[in-house]
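# Coordinates in review
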Amino acid sequence: MKYTTWIMCGILIVFGIFASVYALVGFDLLSFLCFGNIVIYRAILSVTGVAALWLFFWLVAFRPTKFLS
């Protein structure tokens, strides 16, 4: 479970870097790495969506911020 959470965090960080490059420069790095293949592009986006849902579940189920206040 710990490794899954680290992998999902890594996926979201990489996708965030790709999104920030696109926002700042206007170059779609993810599309470039997928060689313009829309099926692979959408598959990577769906994996990123699953990663976000996993982290949402992890935050709700395990409440790692419970003792911060």
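Whatever comes next refers back to the structure up there.
A few points on the structure. (Residues numbered from 1 in each chain as written. Predicted model: local features only at pLDDT ≥ 70, side-chain atom pairs only at ≥ 80, totals over all residues. Heavy atoms only, no water.)

Attention now goes to the side chain of Thr5. Its place among the elements puts Thr5 in helix H1 (residues 2-25). Overall, the relative accessible area of 8% leaves Thr5 in the buried class. Ignoring any residue separated from it by four or fewer positions in sequence, one finds Thr5 in contact with Trp54, Leu55 and Trp58. (Helix = DSSP H or I, 4+ residues; strand = E, 2+ residues; numbered from the N terminus. Buried < 20%, exposed > 50% of the residue type's maximum accessible area, 1.4 Å probe, protein only. Contact = heavy atoms within 4.5 Å.)

Time to look at H1. Here H1 is 24 residues long and its end C-alpha atoms lie 35 Å apart, about the 34 Å a rise of 1.5 Å per residue gives. Among the residues making up H1, those that are buried are Thr5, Met8 and Phe18. At the exit of H1 stands Gly26, carrying a positive phi of roughly 90 degrees. (Expected span 1.5 Å × (residues − 1).)

A cluster of nonpolar side chains, namely Leu24, Val25, Phe27, Phe32 and Leu33, defines an oily patch on the protein surface of about 580 Å² accessible area. Secondary structure elements with two or more residues in the nonpolar patch: H1 and helix H2 (29-33). Structurally, the position occupied by Leu33 is in helix H2. Since its relative accessible area comes to 46%, Leu33 is described here as partly exposed. (Patch = residues over 30% accessible without salt bridge, like charges linked within 9 Å, V, L, I, M, F, W, Y side chains within 5 Å. Areas by Shrake-Rupley, 256 points an atom, 1.4 Å probe, with all protein chains shown as cover. Salt bridge = Lys/Arg side-chain N within 4 Å of Asp/Glu carboxyl O.)

Worth remembering: the numbers are spatial, not functional.
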